[in-house]
Amino acid sequence: MPSQKSILRLVSFFSAVFWMAMLGSGYLYRFGLLHYATSDSYLFASKTLLLVFIVMIYFFYRFKIGREETFNIIDLLWNVFVTGLIATVVSLASTLLLTVLKDQEHGRNPYFLDTLYQINVGLIITFLIATFTVWKRLILYQKSRWLVRTWNTFEYALLGSAILFFTDLRIFTGVALVTTGLLAVLGIILSVNLKWVAYLNYKQKWKSILLIILIALYIGYFYIILSNYGQNHGYTPIYSVLDVITINALYIFAMIYSIFSVLVILFNLPTSSVFEQKLIEVINFQKLSQSRNAGQSEDQVFDLLLESSVSVAVANAAWLDIMDAEGVCTKTLFFKLDAKAKNEILKSIVTKGKKGIQSQVPGRGSKENRFTAEVKHDIHKSIFMIPLFIQDQQIASMALLKDVKDGFSKEMIEIIRTFINQASISIENYRLMVAAIVNERYKEELKIAKRVQDSLLPKTLCSNKDLEVSAFSKAAAEVGGDYFDTYKMDENRLALIVGDVSGKGTSAAFHMSQMKGVFQSLVQM
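Residues numbered from 1 in each chain as written. Predicted model: local features only at pLDDT ≥ 70, side-chain atom pairs only at ≥ 80, totals over all residues. Heavy atoms only, no water.

(A) Fine view of the nonpolar core. Judged by nonpolar contacts, the single largest core of 86 residues is most densely connected at Leu50, Trp135, Trp196 and Ile247. Of all the elements in the fold, those that place two or more residues in this core are α1 (4-34), α2 (40-64), α3 (73-100), α4 (110-139), α5 (145-161), α6 (174-191), α7 (202-228) and α8 (245-290). Looking at which element gives the most residues to this core, the answer is α4, with 15 residues. If near-sequence neighbours (up to four positions away) are discounted, Trp135 is found in contact with Leu77, Ile212, Ile215, Phe253, Ala254, Tyr257 and Ser258. Ala313, Leu320, Leu388 and Ile420 belong to the second largest nonpolar core, which has 27 residues in total. (Core = buried A, V, L, I, M, F, W, Y, C linked by side-chain atoms within 4.5 Å. Buried < 20%, exposed > 50% of the residue type's maximum accessible area, 1.4 Å probe, protein only. Helix = DSSP H or I, 4+ residues; strand = E, 2+ residues; numbered from the N terminus. Contact = heavy atoms within 4.5 Å.)

This is the structure we're talking about:
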């Protein structure tokens, strides 16, 4: 399979070939006009090649921008700005050249004027398609099935409207105006999707405003250029590119989305600093919560994790497998799903486009247990799966589903990973707390056993006029196996026993208590 760079080179090459072919067919048509032997076939070929050139530029930016995994909004706007800047510089240079050569024969040569016009057309179309592709990425920043369908309808309508270019309709006729109006309405509906604005900080919002205003100025300038090109020199193109309804719709859509974007960003500026402060507070809260015990049980933490992840990802369905120490699933939590549907989805995961997510902890794998992938399913189209670890033990695995392809953005994944880390810490703290409670209970039991053992050892030992006996014992642990005792048999005889049971701890203490019973029984005999 060819790489993305190879595809881009191939598309760029064919774009240049079709542009030159369009220019050449225009020369032939111009030649016919000058020699009163016009042929509509050359005009038809030039129009066809123009539309093919537009499609090739669209595919170029679709591969270059539309399929990039990284998503930096400022970088996308900057790329559009640079493209517009290059087109503007070339356009101004051509205008200056026309002004300098206005009174010279070369400046009135129709082939020379056709060449300059087509250069401007090629660069302006490239800028419009680049803007269109970036606006698409921004509109589909958080996908939904309705939004994807509306966008696809808009794209197909743009493509279909290009057919009217081959008719005698002009842009200000009834059919053309209705078609342009319908496309404008679709563009307005799509332009209200500006969820990406909320993810910009204060500085990024000001940069975005500046870049979008400049892009809007480019759009207006290029429209004026194409509308009035060569009028001061008595030049009329063989056809006006503004007769293409697709181009007019792109102008309208690009301008509308630019205006909407600037207005929404301006309205969001006053809340940006507050939002960033709240974000810092959330991060600090997370750091604090990692250092304290959670008061919730494991089941409560798992329920909260699934609920929070579904909410932030706007997932249509999800499940969470809870595992034991051997990695066997013991329980599954479902959201708008059941076991049968889960098994169907697992079988329908497309492994070809599977994208592994690198773990922050080495040795935990990436593509096998944490990934995003496409799903061949009637309802669900994409899946995101990620495991939960405590130390090196996997305790659970969560899967989120959406009804659109590539439904999980990088920001979503990072937020969910934060939830996963927090949940793992909470569960680990809960287990440590339970272990600490058990340990404290065991220590209390040992203290009781120590008191019992101390009571088994005599406080005072028997003695007589010839012999005085005393003893002291301190166990290495709470309890031990040391034992001593005496028994006065008569005035002159004294029985004495001293021993140390093998081992330490409770087992030794148990045998020591047995020994006391045996001694007390035997000494009577």
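Continuing now.
(B) Molecular detail of the side chain of Ser46. Turning to its location among the elements, Ser46 is positioned in helix α2. Residue class for Ser46 comes out buried when judged on its relative accessible area of 0%.

(C) Just a nonpolar patch on the surface, in detail. Taken together, the side chains of Tyr202, Trp206, Ile259, Leu263, Leu266 and Phe267 make up a nonpolar region of the molecular surface, amounting to roughly 620 Å² of accessible area. Sorting the residues of the nonpolar patch by element identifies α7 and α8 as the ones contributing at least two each. Structurally, the position occupied by Leu263 is in helix α8. On the basis of relative accessibility, which here comes to 42%, the residue Leu263 falls in the partly exposed class. (Patch = residues over 30% accessible without salt bridge, like charges linked within 9 Å, V, L, I, M, F, W, Y side chains within 5 Å. Areas by Shrake-Rupley, 256 points an atom, 1.4 Å probe, with all protein chains shown as cover. Salt bridge = Lys/Arg side-chain N within 4 Å of Asp/Glu carboxyl O.)

(D) Inspection of the packing of α4 against α5 at higher detail. The geometry of α4 relative to α5 is characterised by a closest axis approach of 11 Å and an angle of 165° between their N-to-C directions. As the angle between them shows, α4 and α5 are arranged roughly antiparallel. For the pair α4 and α5, the crossing hand works out as right-handed. Residue-level contacts link Phe132, Lys136 and Ile139 of α4 to Leu147, Trp151, Phe154, Glu155 and Leu158 of α5. Per-class residue counts for the contact of α4 with α5 are six nonpolar, no polar and two charged. (Axes fitted to C-alpha atoms, helices over the stretch in contact; angles between N-to-C directions. Parallel < 35°, antiparallel > 145°, perpendicular 65-115°, else oblique. Left-handed = near helix turned anticlockwise from the far one by under 90°. Nonpolar A, V, L, I, M, F, W, Y, C, P; charged D, E, K, R; others polar.)

(E) Spatial organisation of the pattern of salt bridges. All told, the structure shown has seven salt bridges when counted by the stated rule. Across the salt bridge formed by Lys136 and Glu155, the nearest N and O atoms sit 3.3 Å from each other. With Lys136 in helix α4 and Glu155 in helix α5, this residue pair connects regions lying 19 residues apart in the sequence. This pair shows no difference in class: Lys136 is buried, exactly as Glu155 is. Two residues, Glu374 and Lys405, come together in a salt bridge whose shortest N-O distance is 3.6 Å. In this pair, Glu374 is assigned in strand β4 (residues 371-375) and Lys405 in the loop between β6 (393-402) and α11 (410-456), connecting sequence segments 31 residues apart.

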